[in-house]
Amino acid sequence: MRKKIVAGNWKMNTTVSEGLALAAGLKEALKSKKTNCDVVVGVPFTHLTGVAAAVEGSIIGVAAQNCADKDKGAYTGEVSAAMIASTGAKYVIIGHSERRQYYHETPAILKEKTLLALANSLTPIFCIGEVLAEREACKHFEVVEAQIKESLFDLSAEDFGKLVLAYEPVWAIGTGKTATAAQAQEIHAHIRRLIAAKYGAEVAEATSILYGGSCNKDNAAELFANSDVDGGLIGGASLGVDKFLPIIAAFD
């Protein structure tokens, strides 16, 4: 059975002390609860070592929000996958729409990042999704298929099986708009069919596909009830324990 995952993406929010307090609060809140999903927090680079130490011994995994597409060298300001792994983090978010949009990350760059993450035993949470104009032009299936094929379909079946995918309708991120449960299920099922066609049904059925895009305590249960939606990549609602916990509890 594939993993159910609720992952928070803190983005460029919280100072180190604020992030440590948030992580400690989440750990304490989850200590006495039985959860039916894995929990991950995607934190700024500055927080990785501290948060990994703070949540040690709990069910919470730690993710970086990005990694370099180079192994090491004269790349001032970059953070490598090996550096991330050395902090105790186990995951890395790759290909988030904000990285694609603001920093012009190409499929080739994202492919390299994925390979380096895997080489350093990190689990990539690989993001895909269409912008509003592409959705309105009914090109969302086409866009998502290209994003997957161009960056991921050179992987072996074994390595592909180590990924987590996150579908984010870009038009729904931070806008308050959300794909309907039916829209989410439709495209998640499409993604799973693409994987099955390339790698076979066993790999496809084992791949966790998360939904990202204004997922919150009010709509999480309906979204997660879909057979091909395996959890969420949560933005703003992951910045408060009181908002994040009900999303985790949506799998109860």
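Scroll up for the structure.
Residues numbered from 1 in each chain as written. Predicted model: local features only at pLDDT ≥ 70, side-chain atom pairs only at ≥ 80, totals over all residues. Heavy atoms only, no water.

(A) Structural view of the layout of surface pockets. Put simply, the largest pocket is a space of about 440 Å³. Looking at the largest pocket, the residues that line it are Asn9, Lys11, Met12, Pro44, Phe45, Gln65, Asn66, His96, Glu98, Arg99, Tyr102 and Tyr103. Considering each element in turn, the lining of the largest pocket owes the most residues, four residues, to helix 4 (residues 97–103). Here the residues of the lining of the largest pocket are counted per class, giving five nonpolar, four polar and three charged. Looking at the second largest pocket, its volume works out to about 290 Å³. Taken together, 21 residues form the lining of the second largest pocket, with Lys11, Gly174, Ser214, Gly235 and Gly236 sitting closest to its centre. Its residues assigned to classes, the lining of the second largest pocket shows seven nonpolar, twelve polar and two charged. (1 Å grid on protein atoms, 1.4 Å probe; cavity = no way out; pocket = protein on both sides within 12 Å on 5 of 7 lines; lining within 4 Å. Points joined across faces, edges and corners; volume = space filled by probe spheres on them. Helix = DSSP H or I, 4+ residues; strand = E, 2+ residues; numbered from the N terminus. Nonpolar A, V, L, I, M, F, W, Y, C, P; charged D, E, K, R; others polar.)

(B) Spotlight on the pairing of strand 3 (residues 60–64). The element strand 3 is extensively covered by neighbouring structure, given that five of its five residues are classed as buried. In this structure, strand 2 (residues 38–43) lies alongside strand 3, joined through five bridges in parallel fashion. Each residue of the ladder has a partner; that of Val40, found in strand 3, is Gly61. For the crossover that starts at strand 2, traverses helix 2 (residues 48–54) and ends in the parallel strand 3, the hand is right-handed. Direction of pairing for strand 3 relative to strand 4 (residues 91–94): parallel, over a ladder of two bridges. (Buried < 20%, exposed > 50% of the residue type's maximum accessible area, 1.4 Å probe, protein only. Pairing = 2+ DSSP bridges. Right-handed = clockwise from strand over helix to strand, strands pointing away.)

(C) Here's a closer look at the nonpolar core. Membership of the largest hydrophobic core comes to 66 residues, with the highest contact counts inside it found for Phe160 and Ile191. Considering every element that reaches this core, the biggest residue donor is helix 9 (residues 181–199), with six residues. Not counting the four nearest positions on each side in its chain, Ile191 is found in contact with Ile128, Val144, Ile148, Leu165, Tyr167 and Ile209. Core analysis: the next-biggest nonpolar cluster, separate from the first, contains twelve residues, Ala63, Cys127, Val164 and Ala166 among them. (Core = buried A, V, L, I, M, F, W, Y, C linked by side-chain atoms within 4.5 Å. Contact = heavy atoms within 4.5 Å.)

(D) A look at the packing of aromatic side chains. Inspection of the entire model under this criterion finds six aromatic pairs. With centroids separated by 4.7 Å and ring planes inclined at 10 degrees, the aromatic side chains of Phe224 and Phe251 adopt a geometry described as stacked. Pair noted here: Phe224 is in helix 11 (residues 220–224) and Phe251 is in the segment after helix 12 (241–248), with a separation of 27 residues, a long-range link. Phe251 matches Phe224 in its accessibility class, with the two residues each being buried. Taken together, the aromatic side chains of Phe153, Phe160 and Tyr199 make up a single cluster linked through ring pairs. Seen from the ring of Tyr199, Lys198 lies directly overhead, with NZ or CZ sitting 5.8 Å from the centre. (Phe/Tyr/Trp six-rings, centres within 6.5 Å; stacked < 30°, edge-to-face > 60°. Lys NZ or Arg CZ within 6 Å of the ring centre and 35° of its normal.)

Honestly, that's just the spatial picture; any functional story needs more than this.
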